[in-house]
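Below are the chains, spelled out letter by letter.
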Amino acid sequence: MSRSRLVSRLCLKAVVVVGILLVGSVATLAASDSTVGEAAETESEATHSEALSAETLPAETLPEVSTAPSATRPTHDIPQIDGAMTIDGQLDEAAWQQALMLTLDFETDPGENVAAEVRTECYLMYDQRRLYVAFKAFDPEPEKIRARLTDRDTAFRDDFLGVALDTFNDERHAFEFFVNPLGIQMDLIFDDVNSSEDESWNGLWKSSGRLTDFGYQVEFAIPFSTLRFPRTSGVQTWGIDVLRKRPRNFSQRLAINPLAREVNCYLCQFSKIRGFEGISPGRNIELNPTLTSARFDRRADDDPNGPLVEGDGTTDLGLTVSWGISPNMTLSGTLQPDFSQVEADTAQLDINNRFALFFSERRPFFLESAELFSSPLDIVFTRNVAAPKWGTKLTGKQGKHAIGLFVAEDEQTNLLFPGSQGSDAGRFDFATTDSVVRYRHDIGSSSAVGLLATQRQGSGYSNEVAGIDGRFRIGSSHSISIQGLTSSTQYPIAVAEEFEQPEDSFDGTALRVAYEYEGREWIAYSTYEDLDDGFRADMGFVPQVDYRFLLAGLKRLWWGSDDTWYSRLELGGDWNRSEDQAGQLLEEESEIWGSLSGPKQLYVNLNVGTREQAFDGVVFDQDYFNSYFEISPSGSFYVTLRANFGDEIDFANVRPGRAIRWAPSIRWELGRHLRTVLSHDYRHLDVDGGRLFEANLTQLRWVYQLNRRTFVRLISQLTDIERDTDLYVDEVDSETRRWFNQLLFSYKLNPRTVLFLGYSDGYEGDERIDLRQENRALFFKVGYAWVL
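Residues numbered from 1 in each chain as written. Predicted model: local features only at pLDDT ≥ 70, side-chain atom pairs only at ≥ 80, totals over all residues. Heavy atoms only, no water.

S.K.: What's the story with the overall build of the chain in this structure? I'm lost.
M.R.: Each helix and strand in the chain was counted, giving four helices and 43 strands. For the chain, long-range pairs separated by at least 24 residues make up 62% of all intrachain contacts whose partners lie at least 6 apart in sequence. When the accessible surface of the chain is split by element, carbon and sulfur atoms take 54% of a total near 33,600 Å². (Helix = DSSP H or I, 4+ residues; strand = E, 2+ residues; numbered from the N terminus. Contact = heavy atoms within 4.5 Å. Areas by Shrake-Rupley, 256 points an atom, 1.4 Å probe, with all protein chains shown as cover.)

This is how it looks when you write it as structure tokens:
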């Protein structure tokens, strides 16, 4: 790169950063007349933190607590007890009479820190090994309580309640523990630095619940070995929020803490609990041996019309060990790990797509402390570790310092080859050693900076990425995030030739800067990204490079009241432009949207826009309309519909088209045991000359929950794509059909003491043959969590 081009790029980046800050200043002026209210919640926070209670509390009984984050929040002393406790939902032990009792006095959504309509009591106490929590949830209409038997982490549409614990009292992360009225567990980690919530984390704890004539009551015990907290023998102070959700006509949130809607942090508004002197996680050693057995049958390549060939059965022993070196540092390792994926990926239509599709990580070893490895760009995506032979991980925090490290040997290498207008992918048999190092340093009350480095090393192949990132909160409503990275990559010659990549070692850089203002009535945001054509993040998910991207947007919010039928209205718009590093347009787009939240958990979003989009040297003018609708007309029935219409590029033949997409979904809960989810995704693309393709994807998920620990599940996914071959430049099949089925029996004593027994099969078809079975599999897994 010439010196003049480098200087010009640096000047451009400086101008963009200044522009982002100016957007923030304008947003601040626009929102200067906003009044104090409830904190604007992230979508995931709203999902897991809504509640109400049953005995009406008059407004004058609300405690005098400021909603300002800098205000002193109440501190409560939590008592220590002796004696055995039985977690059965009865609350009949005498020790509960000694517990700290907190009442959930505030409704924070849809009401704005108004008095709760119903009463909820929370009881807290601890011994040397566990924190004990109990609730009495009163309800004037107990017959309307939503309580179903379901798998853990899937009861968020029921009534539920629980606690969020900031165990380091640093307003960065919180452990969240929720249960529905039948004691079904849900646990998460809330990351206030990145304003995100991780549902994949699974702790080991006990819970129980029961319906009563006044509503319901629950109790649970959280071992200190499940938590992370400062290493001290003295008194500790933790941040706490206590929540209840009561989904009725509106989804209501009840809590012990009022929340200010113009404040962009959640944990900074927690109350405090004080105590925990001398607590210990014990030896905190967990052994998790697994036994996995499977058999895969496939159709022979040299006899496509013959029967399935029975495969050799395989049986593998695995062991994962986790050691809490201290209350705030954990070392884990695994040998011959069982990374089998019992949960089938949600199917997606892969047609007329330019970039790789994203599938979430589901494997427990990688999900543990995953939030620590997150950053503004997806530089760590552990599904790239496809077939690990062994792995080790170290995570923890000491004071303001947090560290994370993992190393794994992968016997199969998956690579993503990104570009400015599309991506390609390949799977290779050569092995790699994959490693990630993460360091984060807390600054002030709610800001942080971090270092991140990744490496993949194999025969003739290497990829290294290193960089710095940070998130800075300015006051209670402004935040700036920034990340800068550099990469160095060397592909094997054969790989480079096949996928048209550089044959010599090459380098690249990436930059991302974002600003956000969150007020009670106004939200403003701006983002700038700059990834050059040599940047690769092979341990991450970065499907596009060789682009510069600028986004600016503004949103206005209106909050409902007792006099309105809606709970929230939004109206917003944004503009974005992206171009490649040579300055050629990739896309320029302007859009406006509006959304409404109302009764029966109604949510409607409408979006209209116009854009110029370039592909393969041609610029296309496009208009579009997107919509989304969801409602729950009853506690057992839930409906969604996505409908999109507009111009779309035919990427296979480089010409304009008109696309339509319909994607309805229904979820039906029949009684306390049976759940059925049926969804369909229909798309077609019309071009000059006729209909290019018509695609249908139907998915059925049927679950019968026998009890809290046991279920039987059926998944069926059918894909059917029809194409007009006369309208394609290259040769394509006129029809593609795939049908996947999976039947699973599951028993879970806890997230890691499990037994799975399952069967799956796959069928394929085209214009020449009808659906024909191509494979089938039988699998069995048993795992046991042994805590020392």
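Next comes the rest of the description.
S.K.: Please explain the state of the cysteines as it appears in this structure.
M.R.: Put plainly, a disulfide is one covalent bond tying together the sulfur atoms of two cysteines. Counted according to the given criterion, the structure contains one disulfide. Disulfide pairing is shown between Cys265 and Cys268; the S-S distance is 1.9 Å. Judged by the sign of its S-S torsion, about 80°, the bond between Cys265 and Cys268 is right-handed. (Disulfide = S-S within 2.5 Å.)

S.K.: Quick question: what am I supposed to make of the sheet that holds strand β2 (residues 100-103) here?
M.R.: Adjacent strands of a sheet form backbone hydrogen bonds with each other and so pair up, either parallel or antiparallel. Read across the sheet, five strands follow the order β2-β5-β6-β12-β11 without closing on themselves; strand pairing throughout is antiparallel. Only two strands of the sheet have a single neighbouring strand rather than two, namely β2 and β11 (206-211). In this sheet, adjacent strand axes meet at a mean angle of 15° when their direction is disregarded. As paired elements, β11 and strand β12 (residues 215-223) share six bridges and run antiparallel to each other. The partner of Leu211 across the bridge, within β12, is Tyr216. (Pairing = 2+ DSSP bridges. Axes fitted to C-alpha atoms, helices over the stretch in contact; angles between N-to-C directions.)

S.K.: Just checking my understanding: could you explain the pairing of strand β20 (residues 388-398) for this structure?
M.R.: Consecutive side chains along a regular strand alternate between the two faces of the sheet. When strand β19 (residues 329-335) meets β20, the two strands line up antiparallel, connected through seven bridges. Note that in β20 the partner of Leu331 across the bridge is Leu394. Strand direction decides the pairing type here: β20 and strand β21 (residues 401-410), joined by 10 bridges, are antiparallel. When the bridges of β21 are listed, Thr395 appears paired with Gly404. The hairpin turn running from β20 into β21, its antiparallel successor, is two residues long, and Gly399 in that turn takes a positive phi close to 65°.

S.K.: Help me out: how do you make sense of the environment of Gln544 in this one?
M.R.: Within the secondary structure, Gln544 is located in the loop between β29 (522-531) and β30 (547-559). Distance in space between the C-alpha atoms of Gln544 and Phe355 is 7.5 Å, their sequence separation being 189 residues. Polar side-chain contacts of Gln544 include one of 2.8 Å to the backbone oxygen of Ser420. (Polar contact = N/O pair within 3.5 Å; in protein donor to acceptor, adjacent residues only side chain to side chain.)

S.K.: Help me understand the packing of aromatic side chains, please; the structure alone is not making it clear to me.
M.R.: The way to describe two aromatic rings as a pair is by their centre distance and the angle between their planes. Tallied over the entire structure, the rule returns 32 aromatic pairs. On the numbers, 6.3 Å between centres and 85° between planes, the contact of Phe224 with Trp238 is edge-to-face. Residue Phe224 is located in the loop between β12 and β13 (236-247), and its partner Trp238 is located in strand β13; the two are separated by 14 residues in the primary sequence. Like Phe224, the residue Trp238 is buried in the burial classification. Members of the aromatic cluster, joined through ring pairs, are Phe417, Phe428, Phe430, Tyr461, Tyr491, Phe499 and Phe506. The ring of Tyr638 carries the charged tip of Arg157 above its face, separated from the ring centre by 3.6 Å. For the cation-ring pair, Lys397 lies above Phe168, with the distance from its terminal atom to the ring centre recorded as 5.5 Å. (Phe/Tyr/Trp six-rings, centres within 6.5 Å; stacked < 30°, edge-to-face > 60°. Buried < 20%, exposed > 50% of the residue type's maximum accessible area, 1.4 Å probe, protein only. Lys NZ or Arg CZ within 6 Å of the ring centre and 35° of its normal.)

S.K.: Looking at this model, I keep getting lost on a nonpolar patch on the surface. Mind explaining?
M.R.: Residues Trp702, Tyr704, Leu706, Leu714 and Leu743 make up a contiguous nonpolar surface patch of about 410 Å² in total accessible area. Of the residues examined, Leu706 reaches a relative accessible area of 41% and is grouped as partly exposed. (Patch = residues over 30% accessible without salt bridge, like charges linked within 9 Å, V, L, I, M, F, W, Y side chains within 5 Å. Salt bridge = Lys/Arg side-chain N within 4 Å of Asp/Glu carboxyl O.)

S.K.: I'm lost on the pattern of salt bridges in this one. Help?
M.R.: For side chains bearing opposite charge, pairing can occur when the charged atoms are close. Evaluated as defined, the whole model comprises 52 salt bridges. For Arg261, the salt bridge is made with Asp109, and the minimal N-O distance between the two is 4.0 Å. On the criterion of sequence distance, the pair formed by Arg261 in the loop between β14 (251-255) and β15 (271-275) and Asp109 in strand β3 (residues 106-109) is long-range, its members being 152 residues apart. By relative accessible area, which is 0% here, Arg261 ends up buried. Glu694 serves as the salt-bridge partner of Arg691, at 3.1 Å between the closest nitrogen and oxygen. Judged by relative accessible area, which is 35%, Arg691 ranks as partly exposed.

S.K.: Explain the side chain of Asp151 here, please?
M.R.: For Asp151, the location among the structural elements is in the loop between β6 (130-138) and β7 (160-166). Among the residues examined, Asp151 registers a relative accessible area of 18% and is labelled buried. Of note is the side chain of Asp151, whose polar atom sits 3.1 Å from the side chain of Lys748. Beyond its immediate stretch of four places on either side in the chain, Asp151 contacts Ile184, Gln705, Phe711 and Lys748.

S.K.: Is there a simple way to think about unusual backbone geometry in this case?
M.R.: Note: most residues except glycine have negative phi, and most peptide bonds are trans. For the peptide bond that leads from Asp109 to Pro110, omega is 0°, which places it in the cis range. Turning to its location among the elements, Pro110 is positioned in the loop between β3 and β4 (114-115).

S.K.: Mind showing me how you'd approach the environment of Arg713 here?
M.R.: Among the secondary structure elements, Arg713 is positioned in strand β39 (residues 710-723). Exposure remark for Arg713: the relative accessible area of 5% places this residue in the buried category. For Arg713 and Thr676, which are 37 residues apart along the polypeptide, the C-alpha to C-alpha distance reads 9.9 Å. Side-chain polar atoms of Arg713 contact the side chain of Gln742, separated by 2.8 Å.

S.K.: Teacher, can you tell me more about the side chain of Arg261 here?
M.R.: A distance of 3.2 Å separates a polar atom in the side chain of Arg261 from the backbone oxygen of Pro110. Reaching out from Arg261, the side chain makes a polar contact with the side chain of Glu112 at a distance of 3.2 Å.

S.K.: Even after reading the chapter, I still don't get the pairing of strand β40 (residues 735-748), so can you show me in this structure?
M.R.: Two strands pair when backbone bridges link them, and β39 and β40 are joined in this way by 13 bridges, in the antiparallel orientation. Looking at β40, one finds that Val712 is bridged to Phe745. Two successive antiparallel strands, β40 and strand β41 (residues 754-766), enclose a turn made up of five residues.

S.K.: So what exactly am I meant to see when it comes to the environment of Ser488 here?
M.R.: Tracing the backbone through its elements, the reader meets Ser488 in strand β27 (residues 478-490). Along the sequence, Ser488 and Gly508 sit 20 residues apart, while their C-alpha atoms lie 6.6 Å from each other. Once you skip the residues sitting within four places of it in the chain, Ser488 turns out to touch Ser462, Asn463, Glu464, Ser505, Phe506 and Asp507. A polar atom in the side chain of Ser488 sits 3.2 Å from the side chain of Asp507.

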